[in-house]
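Observations on the model geometry
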Amino acid sequence: MDQTQRSGAATTAATVSSRTYQFHPARAAIVELFNLYLGRSGRQKSDDSLREPPNKTQKRILALNRELPPRNEQFLLDFEQLQSQFTDQDQLRAVTESVLISLVVQCCGHAPRADFLLFALRSLCNIGYINWDTFLPSLLSSVSSAEMSVSQGPQAVSAVPSTSLSQSGVLPSTSAITNPSNFQSSNPTSPLPSIHAIGSPAQSTIEASPCSAMSPVKSSDVSSNSQLSTSRVNSSIKDNVISSLRQLCCKIILTGLEFNLKPFTHSEIFYHMLNWLVNWDQRQQGIDESDGKSWRPDKALIEWLHSCLDVIWLLVEEDKCRVPFYELLRSGLQLIENIPDDEALFTLILEIHRRRDMMAMHMQMLDQHLHCPTFGTHRILSQTTPNISVEAVANLRYSPITYPSVLGEPLHGEDLATSIHKGSLDWERALRCIRHAIRTTPSPDWWKRVLLVAPCYRNPAQGPTPGAVFSSDMICEATIDRIVELLKLTNSEVNCWQEWLVFSDIFFFLMKSGCIDFVDFVDKLVLRLTESEHQILRTNHVTWLLAQIIRVELVMSALNSDARKVETTRKILSFHREDRNSDPNNPQSILLDFISSCQNLRIWSLNTSTREYLNNEQLQKGKQIDEWWRQVSKGDRMMEYMNMDDRSIGMFWVVSYTMAQPACETVMNWLSSARVAELPGSNIQPNERAMVMQEVNPLPISLLSGFSMNLCLKLAYQMEDSLFVGQVVPSIAMVETYTRLLLIAPHSLFRLHFTHLSQRNPSLLSKPGVTLLVLEILNYRLLPLYRYQGKSKALMYDVTKIISTLKVKRGDHRVYRLAENLCINLILSLRDFFSVKREGKGPNEFTETLNRITIITLAITIKTRGIADADHLLYLQTMLEQIMGTSQHTWSEKTLRYFPSLLRDALIGRMDKRGLVIQAWQQAETTVINQCTQLLSPSAEPNYVMTYLSHSFPQHRQYLCAGAWILMQGHPENINSANLARVLREISPEEVTANIYTMVDVLLHHIHVELQHGHVLQDIILKTCANLAFFAWTHELLPLDILFLALNDRDDDPHALRIVVS
């Protein structure tokens, strides 16, 4: 709603409100009370109106004999006495506010009366009789109406009977307004012209002008000079009236801001103040300004201008944050054409410009929206292709910006990236974005969407890339910028080893993806480091960085078969620096000291034509590496990774670059070795020995972080063979080391586990043990990694397939619950729209619990983030139909009250089936209790379990847990928990879930029945909690999370949440 609509709506509401309370019986008494204290009693006014116009002497005499109003301190006592005469205090308060608003408009030009109104407002506020959230918007709308009537040209100024306030206290309508030329003031300093100018009643006949009671002067009797003079006088009167009114209004608002107002009230005040400031110089139309004199703001205008600024500064005060300062940034206040010569207003405009400059500087690092999508949000194509899955559509993007080419057609994607010339503003914007991305490390999924493969690595048959917006040259330059930045940090004695590790992971990913031309990168890097004013290459960090990627296939090809391989090799070797001050006991220093030797050894093995350029000293230094390795690996003694000193850690890092395979085998042997140790103890006899299996520890991240990327890849592959393919039960240490390895290099080592393992061996996931281990790893270790990679939806779809095959299958409860729990966590972590099926069509594979969680997540997403793309609505309705087609749940009115209207309208019509469930329970209760008695009695035979499973009906089995709960009677020992556990293990997981939801409905119904029979609620809750603790805690018969969800879903029952809390 714009400001005009806002003001119009508020004015209409104020008019309706004033008419509503115009004839309230308390209105006359309130008006009379205020008139008394304002020195304008109704009796005096009626007497004065009958007198002849006095001369100046008479006026002076009558003023001395005039009754003085009571003291201000007496007002509150008189008002409280009046207040006690009426019972409906809310209506009395509303009438009081309406009268006050009218008086503010009418008495704004009379300083003593305006001061009294401020005093009265504060006094009424102290007794809680002013609702600022209704008073201030009504006041502002009345002020707007008054200003509008003043600004309507020749029909703006009004002279009305003096009895109008005493009769109604309502601002006169514009129909009562007469020609302003009829009014002539004998006393320019009197407040009377201000009051007449806005169409308010006269203060008193004594103060009125001599012509106010006379017949209107005809226009033909006034000369043209007199008309011009009158017009200027009326313009001055109008300006003074508006200034006085706004000044008083600002004082009232400043008083109101001392209290806690609603955000809507702050917004109304803010936009009115802005409107006044922006339009401060509006003049009455029709004024002849041909005299050439420059018009300057008068004192009254400056005063209300400063008061208005005081209000705005209070609203945007950072400690209170009533209105965010960015509302001023988007208001356009700093763009007004005619800025007055006022330091206070100039200060505010200067602050707005300063904040805009700060935002511009901040956005330089967040400039990715100019040439690529944002890191976090997806932009879905508006025309969804029918044969593309929903997940694929979510990954497609438009280029947010297009340029016309030579022929006028728009450029997209690759054409756009290649059309940007180096050194241009768009080139600099792109580089800012890439530098920001390299520092903040967005997921590889984002990189893949915005990058182009280097021309030298592209397949000629490959078409243009539609979504990419960064060329290979841009990536190359930004990467070199980051290397130079890290070198400067390193030279300044800042410990930035962690930053180097993070960058090396991204650098490996970019190089392996072919986004950087390796040969061109080396050329530009040498040139950049050579041209630098200061010698910034003082360490071997660049050599270490290149050693990380030297085994990448594209790099090996460049060093073997490229025409410039010799030149490239010589340039690579030129990055070596000797550090004579390195710490021999620091692992990082040891690695950097030997890394050139590792690099020379690798190049020596790659190509014979470049061996003559290698550093013989570094090749000889490689013998120290071999000698150290022979010493630590000789014999059968295994390396103790937990007891390695810093020098050993550094040397093992070096070995990972020269002998990755032996190092990998050593690590695998360590993780696979389960040792036998003697248990110490004082209770063991001298001739006895107690032996225990000793589990090895996982490798610490401090050790893993220094491994070469080649060793990390080998370890990950061999660990997967041992964990998922091997026949031996994997050790906890190996599982933990595997997850740590994936977490320290998320760009280089990430894999979609279900897809990756299926490609390695399609039958792997058919083994329950493998599926169980994968789900445990994903649930407890790698879920944050998938969220970071933006692969939550892909993982959810993979897990859903497992759930769909297990939910109706007997047994496999552990795998099922792990998969369902993983899906719950994934759904709750999603912050944009998703489909319940990867293909978008077909029956829903979600369970009842997942359907409920999905609806809650959709409600949260729509309410907190809104609907970002209209195309979301295309499959939202289909998604709701899929969920409601398989879900039996009905959301309560209490829950739906907080849902967005889009979901509430779709769900509110569902029939509540709880009544049917209770009816079905009552019909089957006798049969169910008989069956449960035979099955769950303490003396029941174990063989009866199979009899029950083979002969009971499914409609009776869904009440198994409800029947067990009834039989407990608060004493869980009354039932046979072993038989119950055997039955629950033999039925399908989805039947167990249905049992939980049914049991919750039955027990809540049973609580109400027992309360009707006179039982104490506290005793009932205690017994219920004891029974549920038996199910969930003591014997772990039912999953606790599903039980809690079932109780929370019944939030309209007063006892459900109480049970959860208990």
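One numbering rule holds for all chains: residues counted from 1, following each sequence as written. Totals for whole chains, interfaces and linings use every residue, but because this is a predicted model, local features are given only for residues with pLDDT of at least 70 and side-chain atom pairs only at 80 or more, for both listing and counting. Hydrogens and water are ignored here; the side-chain numbers use all heavy atoms of the structure.

Description of the overall build of the protein
Secondary structure follows DSSP: runs of H or I at least 4 residues long count as helices, runs of E at least 2 residues long count as strands, and numbering of each begins at the N terminus. Secondary structure summary: the protein contains 50 helices and four strands in total. To sort residues, take the accessible area from a 1.4 Å probe on protein chains only and compare it with the maximum for the residue type: under 20% means buried, over 50% means exposed, and anything in between is partly exposed. Scored against the burial criterion, the 1062 residues of the protein give a buried share of 50%. Contact criterion: two residues are considered in contact whenever any of their non-hydrogen atoms come within 4.5 Å of each other. Long-range contacts, defined here as pairs at least 24 residues apart, represent 76% of the contacts in the protein between residues at least 6 apart.

A closer look at helix 22 (residues 518-531)
A helix is expected to reach a length of 1.5 Å times the quantity of its residues less one. The end-to-end C-alpha distance of helix 22, which contains 14 residues, comes to 20 Å, matching closely the 20 Å that a straight helix rising 1.5 Å per residue would cover. If you check which residues of helix 22 are buried, you get Phe 518, Val 519, Phe 521, Val 522, Asp 523, Leu 525, Val 526 and Leu 529. Looking at the buried residues of helix 22, the elements they touch are helix 20 (472-491), helix 21 (497-512), helix 23 (541-549), helix 24 (553-561) and helix 25 (565-573). Sitting at the amino-terminal end of helix 22 is Asp 517, which places a side-chain oxygen 3.3 Å from the backbone nitrogen of Val 519. In the analysis that follows, any N or O atom pair within 3.5 Å is treated as a polar contact, provided that within protein one partner can donate a hydrogen and the other can accept it, and provided that, for residues neighboring in sequence, both atoms belong to side chains.

Points about the packing of aromatic side chains
Only rings of Phe, Tyr and Trp enter the pairing, Trp through its six-membered ring, and a pair is recorded when the two centres are within 6.5 Å. The plane angle decides the type: under 30 degrees is stacked, over 60 is edge-to-face, the rest tilted. What the rule picks out here adds up to 25 aromatic pairs. Here the aromatic rings of Trp 132 and Phe 135 are separated by 5.9 Å at their centres, their planes lie at 85 degrees, and the arrangement is edge-to-face. You can see Trp 132 and its partner Phe 135 sitting in helix 8 (residues 132-150), three residues apart, about one turn around the helix. With 6.4 Å between their ring centres and 35 degrees between their planes, Trp 628 and Trp 629 make a pair best called tilted. Of the two residues, Trp 628 and Trp 629, neither departs from the other in class, the shared state being buried. Taken together, the aromatic side chains of Phe 34, Tyr 37, Phe 75, Phe 79, Phe 116, Phe 119 and Tyr 129 make up a single cluster linked through ring pairs. The positively charged end of Arg 355 is found above the aromatic ring belonging to Phe 325, 3.9 Å away from the centroid. Lysine NZ or arginine CZ positioned within 6 Å of the ring centre and within 35 degrees of the ring normal marks a charge as sitting over the ring. Lying over the aromatic face of Tyr 997, Arg 852 brings its terminal NZ or CZ to 3.7 Å of the ring centre.

Overview of the environment of Arg 322
Along the chain, the position of Arg 322 falls in the loop between helix 13 (299-315) and helix 14 (326-329). Along the chain, Arg 322 and Lys 262 lie 60 residues apart, while their C-alpha atoms are 8.9 Å from each other. Dropping the residues within four chain positions of it, Arg 322 is found in contact with Leu 257, His 266, Leu 314, Leu 315 and Glu 317. A distance of 3.3 Å separates the side chain of Arg 322 from the backbone oxygen of Leu 257, its partner in a polar contact.

Observations regarding the confidence of the model for the protein
How sure the predictor is of each residue is captured by pLDDT, a score from 0 to 100. Confidence in the prediction of the protein, expressed as mean pLDDT, is 77, and 77% of residues score 70 or more. Confidence drops under a pLDDT of 50 for residues 364-409, and excluding neighbours within four residues, the segment shows 100 contacts in the predicted structure.

Some details on the environment of Ile 867
Counting through the fold element by element, Ile 867 comes out in the loop between helix 38 (848-865) and helix 39 (872-886). For Ile 867, a relative accessible area of 34% translates into the label partly exposed. As for Ile 867 and Asp 832, which are separated by 35 residues in sequence, their C-alpha atoms are 8.6 Å apart.

Side note on the packing of helix 23 against helix 26 (residues 587-606)
A packed helix pair is summarised by two numbers, namely the angle formed by the two axes and the spacing between the axes. Every axis in this analysis is a line fitted to C-alpha atoms, fitted for helices over the stretch in contact. Angles between the N-to-C directions lie between 0 and 180 degrees. Two elements in contact, helix 23 and helix 26, have axes whose closest approach is 9 Å; the angle formed by their N-to-C orientations is 50 degrees. Judged by the inter-axis angle, helix 23 sits oblique to helix 26. Crossing angle aside, the handedness with which helix 23 passes helix 26 is left-handed. Side by side, helix 23 and helix 26 meet where His 541, Thr 543, Trp 544, Leu 546 and Ala 547 of the first sit next to Leu 591, Leu 592, Ile 595, Ser 596 and Gln 599 of the second. With respect to orientation, any angle under 35 degrees is reported as roughly parallel, any angle over 145 as roughly antiparallel, any angle of 65 to 115 as roughly perpendicular, and every other angle as oblique. If you view the pair so one helix is near and one far, a crossing is left-handed when the near helix is turned anticlockwise from the far one by less than a right angle, and right-handed when it is turned clockwise.

Description of the nonpolar core
With 164 residues, the main nonpolar core has Trp 447, Phe 470, Phe 518, Phe 521, Trp 544, Phe 652 and Phe 707 as its most contacted residues. Leaving out residues up to four positions away in the same chain, Trp 544 has contacts with Trp 497, Trp 500, Leu 501, Ser 504, Leu 591, Leu 592, Ile 595 and Tyr 657. Definition used in this section: a nonpolar core is a set of buried Ala, Val, Leu, Ile, Met, Phe, Trp, Tyr and Cys residues joined via side-chain atoms within 4.5 Å.

Describing the packing of helix 45 (residues 960-968) against helix 48 (residues 1017-1034)
Contact pair helix 45 / helix 48: the axes reach a minimum separation of 10 Å and the direction vectors enclose 130 degrees. Considering their axes alone, helix 45 and helix 48 lie oblique with respect to each other. For the element pair helix 45 and helix 48, the recorded crossing hand is right-handed. For the pair helix 45 and helix 48, the contacting residues are Cys 961, Ala 964, Trp 965 and Met 968 in the first and Thr 1024, Asn 1027, Phe 1030 and Phe 1031 in the second. When residues are grouped by polarity, Ala, Val, Leu, Ile, Met, Phe, Trp, Tyr, Cys and Pro land in nonpolar, Asp, Glu, Lys and Arg in charged, and all others, Gly among them, in polar. Class assignment for the residues of the contact of helix 45 with helix 48 results in six nonpolar, two polar and no charged.

Structural notes on the pattern of salt bridges
Between Lys or Arg on one side and Asp or Glu on the other, a salt bridge is scored when a side-chain nitrogen of the former is within 4 Å of a carboxyl oxygen of the latter. Following the criterion strictly, the structure yields 34 salt bridges and no others. Of the charged contacts, one joins Glu 736 and Arg 781 as a salt bridge, the two residues approaching to 2.8 Å between their closest N and O atoms. You can see Glu 736 sitting in helix 32 (residues 732-744) and its partner Arg 781 sitting in helix 35 (residues 768-789), a full 45 residues away along the chain. Look at Glu 736 and you get buried, because its relative accessible area is 14%. Arg 781 sits in the partly exposed class, given a relative accessible area of 39%.

Some thoughts on the side chain of Thr 568
Along the chain, the position of Thr 568 falls in helix 25. Within polar-contact distance, the side chain of Thr 568 engages the backbone oxygen of Arg 564 at 2.8 Å. In contact with Thr 568, not counting residues within four places along its chain, are Phe 518, Val 519, Val 522 and Leu 559.

Here's the deal with a nonpolar patch on the surface
Patches were defined on residues exceeding 30% relative accessible area and lacking a salt bridge, with like-charge contacts within 9 Å and nonpolar side-chain contacts (Val, Leu, Ile, Met, Phe, Trp, Tyr) within 5 Å. The protein chains shown are the only cover counted for residues, whose accessible areas, like all others here, come from Shrake-Rupley with a 1.4 Å probe. A contiguous nonpolar patch, built from Ile 867, Leu 873 and Leu 902 and spanning about 220 Å² of accessible area, is present on the exposed surface. Position of Leu 873 among the secondary structure elements: in helix 39.

Notes on the state of the cysteines
Cysteine sulfur atoms are paired as a disulfide whenever they come within 2.5 Å of each other. All chains considered together, the criterion is met by zero disulfides. No disulfide involves Cys 108; its sulfur sits 8.0 Å from the nearest other cysteine sulfur, which is in Cys 107.

What about the environment of Trp 304?
Within the secondary structure, Trp 304 sits in helix 13. Once the C-alpha coordinates of Trp 304 and Ser 243 are considered, the two residues, 61 residues apart in sequence, prove to be 6.1 Å apart. With near-sequence residues (within four places) excluded, Trp 304 lies in contact with Ser 243, Arg 246, Gln 247, Cys 250, Trp 276 and Trp 280.

A few points about the side chain of Ser 443
Inspection of the secondary structure puts Ser 443 in the loop between helix 18 (425-440) and helix 19 (444-450). Accessibility expressed as a relative area gives 11% for Ser 443, which makes it buried. Setting aside its immediate chain neighbours within four residues, Ser 443 contacts His 747, Tyr 788 and Gln 789.

Description of unusual backbone geometry
Here the phi dihedral of Thr 441 falls at roughly 50 degrees; this positive angle occurs in a residue that is not glycine. On the basis of relative accessibility, which here comes to 17%, the residue Thr 441 falls in the buried class. Phi angles above zero are rare outside glycine, and Glu 1036 is one such case at about 50 degrees. Tracing the backbone shows Glu 1036 in the loop between helix 48 and helix 49 (1040-1049). Judged by its relative accessible area of 64%, Glu 1036 falls in the exposed class.

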